[in-house]
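# Secondary and tertiary structure notes
Chain by chain, the residues:
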Amino acid sequence: MFTYIDPTVRERLAEQGKLIRIDADGQRIDPHSAPEPGARAISILGPIPLPLERHGRRYNVLWYASVRHTELSKATELADELREQHGQQSFALLADSMAVNSVLIFGRPDRWDNPLVRVHSSCLTGDVFGSERCECGPQFISALERIDADSAGGMIIYMSGHEGRGIGLWAKAATYLLQDGGENTYQANRSMGLADDSRDFSDAASLIKYFLGDRPFRLLTNNPKKVDDLIAMGVKEITRVKHVCGVGAANKRYLEAKRDWGHKLDDADIG
Ligand SMILES: [Zn+2]
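Positions within a chain are numbered from 1, following the residues in the order the chain's sequence is written. Only residues with pLDDT of at least 70 get local features here, since the model is predicted, and only at 80 or more are side-chain atom pairs given and counted; chain-wide, interface and lining totals rely on the full set of residues. For the side-chain quantities, the full set of heavy atoms in the structure was used; hydrogens and water were omitted.

## What to know about the coordination of the zinc ion
- Donor atoms from the polypeptide that bind the zinc ion are Cys123 (SG), Cys134 (SG) and Cys136 (SG), placed at 2.2 to 2.3 Å.
- Between the donor residues of the zinc ion, the gaps in sequence give the motif C-x10-C-x1-C. There is no split in this pair, since Cys134 and Cys136 are both buried. Sites may look incomplete because water is not among the atoms; the donors themselves are N, O and S atoms within 2.8 Å of the metal, or within 3.2 Å for Na, K and Ca. Categorising residues by exposure relies on relative accessible area from a 1.4 Å probe, with only protein chains included: less than 20% of the type maximum marks a residue as buried, more than 50% marks it as exposed, and the intermediate range marks it as partly exposed.

Here it is in structure tokens:
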């Protein structure tokens, strides 16, 4: 992941409309002007055609990469400084600290009719390694399948900074060790002095407003808090759609803890 873009390339992409900027309400704003102090702005790169193949099935989606402008401008500033000092080899240091979120678009957003949406929190162990300690991997694949098969269209917003419900991969590794000592997924967070769930969905809300406006949509989630968080950020027309998959012996306790915490899962779901 390398988040710095050369200024001449940035300029060219902005001219072509492939690098845009939106405000918190999902409205397009001038990509050149500095946002008001304290205002949230998101830069978006795309569309990038991305042919996908997972579990023998193929999907054609458009990929957009998005990043908060505050983080982006800090990286740009640092990169300019480094270039002046001929410190280009240090550019890679910039890459890790920024959350670049992704949007995968199925179909044409202007023709969507009550589309199916998944806001998926990144999970390296589940999504990439296939870990069965959680159900993130199967939930992601199932979201691809369900949205692709749905004539209404839809999108997946992949939140890259949401590892371990927002605590980061390093802390998540520690909570796994605490869980192996007998604590459940939420107790382990509390033992570390961390919130049960520290995910920030404000960028997801802005991206939904940009691609969907005020139109109604269906959200694939078992988590009512995710719906409440999006509603609190002005995304109103949400119908929650259950998204149970990947349940097995390795994650039964984890899912029971989620159910007891408020996720809409019943005994039949957990098995
Ligand atoms: Zn996971």
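Alright, that's what it looks like, and here's the rest.
## Section: the side chain of Thr125
- With respect to the element layout, Thr125 can be found in helix 4 (residues 124-128).
- Accessibility expressed as a relative area gives 16% for Thr125, which makes it buried.
- We call two residues in contact whenever any of their non-hydrogen atoms come within 4.5 Å of each other. Every residue in contact with Thr125, bar those within four places of it in the chain, is listed here: Gly130, Ser131, Lys172 and Tyr176. Secondary structure counts use DSSP, requiring at least four H or I residues in a row for a helix and at least two E residues in a row for a strand, with both numbered from the N terminus.

## Observations regarding the packing of aromatic side chains
- When two rings of Phe, Tyr or Trp (its six-membered ring) have centres within 6.5 Å they constitute a pair, described as stacked for plane angles under 30 degrees, edge-to-face for angles over 60, and tilted for the intermediate range. As enumerated under the stated definition, the model contains 4 aromatic pairs in all.
- Ring geometry for Phe140 versus Tyr158: centroids 5.9 Å apart, planes at 85°, classification edge-to-face. On the criterion of sequence distance, the pair formed by Phe140 in helix 5 (residues 136-149) and Tyr158 in strand 7 (residues 154-159) is long-range, its members being 18 residues apart.
- Where Tyr210 meets Phe211, the ring centres are 4.9 Å apart and the plane angle is 75°; that geometry is what we call edge-to-face.
- Using a relative accessible area of 7% as the deciding quantity, one classes Phe211 as buried.
- Between the NZ or CZ atom of Arg133 and the centre of the ring of Tyr176, over which it lies, the distance is 4.1 Å. Throughout this description, the term charge over a ring refers to an Arg CZ or Lys NZ atom that lies within 6 Å of the ring centre and within 35 degrees of the ring normal.

## Considering empty space enclosed by the protein
- Buried and open spaces are told apart on a 1 Å grid over the protein atoms alone, a cavity being a set of points where a 1.4 Å probe fits but cannot get out and a pocket being an open set with protein on both sides within 12 Å along at least five of seven lines. Residues with an atom within 4 Å of a point are the lining residues. Grid points are joined across faces, edges and corners, and a volume is the space filled by probe spheres set on the points. One pass over the structure, following the stated rule, counts 1 cavity of 30 Å³ or more.
- Quantified by volume, the largest cavity comes out at close to 390 Å³.
- In terms of lining residues, the largest cavity is bounded by 27 residues, among which Cys136, Arg165, Arg199, Tyr254 and Lys258 are the most central.
- Residue assignment for the lining of the largest cavity shows that the elements contributing at least two residues are strand 6 (116-121), helix 5, helix 6 (163-166), helix 7 (169-180), helix 8 (185-191) and helix 11 (252-261).
- Counting residues per element, the lining of the largest cavity draws most heavily on helix 7, at 4 residues.
- Looking at the lining of the largest cavity residue by residue, the classes come out as 6 nonpolar, 14 polar and 7 charged. Three residue categories are used. Nonpolar comprises Ala, Val, Leu, Ile, Met, Phe, Trp, Tyr, Cys and Pro, charged comprises Asp, Glu, Lys and Arg, and polar comprises the others, including Gly.

## Here's the deal with the nonpolar core
- In this structure, Val119, Met155, Ile157, Ile208 and Leu230 are the most contacted members of the largest nonpolar core, which totals 26 residues.
- Mapped onto this core, the elements with two or more residues apiece are strand 1 (19-23), strand 3 (41-54), strand 5 (101-106), strand 6, strand 7, helix 9 (202-212), strand 8 (217-220) and helix 10 (224-232).
- The leading source of residues in this core is helix 9, at 6 residues.
- Ignoring anything within four residues of it in the chain, the contact list for Ile208 reads Val119, Met155, Ile157, Gly213, Phe217, Leu230 and Val235.
- If you look at the next biggest cluster of nonpolar residues, it comprises 13 residues, including Leu52, Leu104, Phe106 and Leu116. The definition of a nonpolar core used throughout is a set of buried Ala, Val, Leu, Ile, Met, Phe, Trp, Tyr and Cys residues joined through side-chain atoms within 4.5 Å.

## As for the pairing of strand 4 (residues 57-68)
- Note: two strands are recorded as paired if DSSP finds a minimum of 2 bridges between them. Note: strand 3 against strand 4, 11 bridges, orientation antiparallel. In the strand pairing of strand 4, Leu52 is matched with Tyr59.
- In the sheet, strand 4 pairs with strand 5 via 5 bridges, with the strands oriented antiparallel. Along strand 5, the bridge assignment pairs Ser66 with Asn101.

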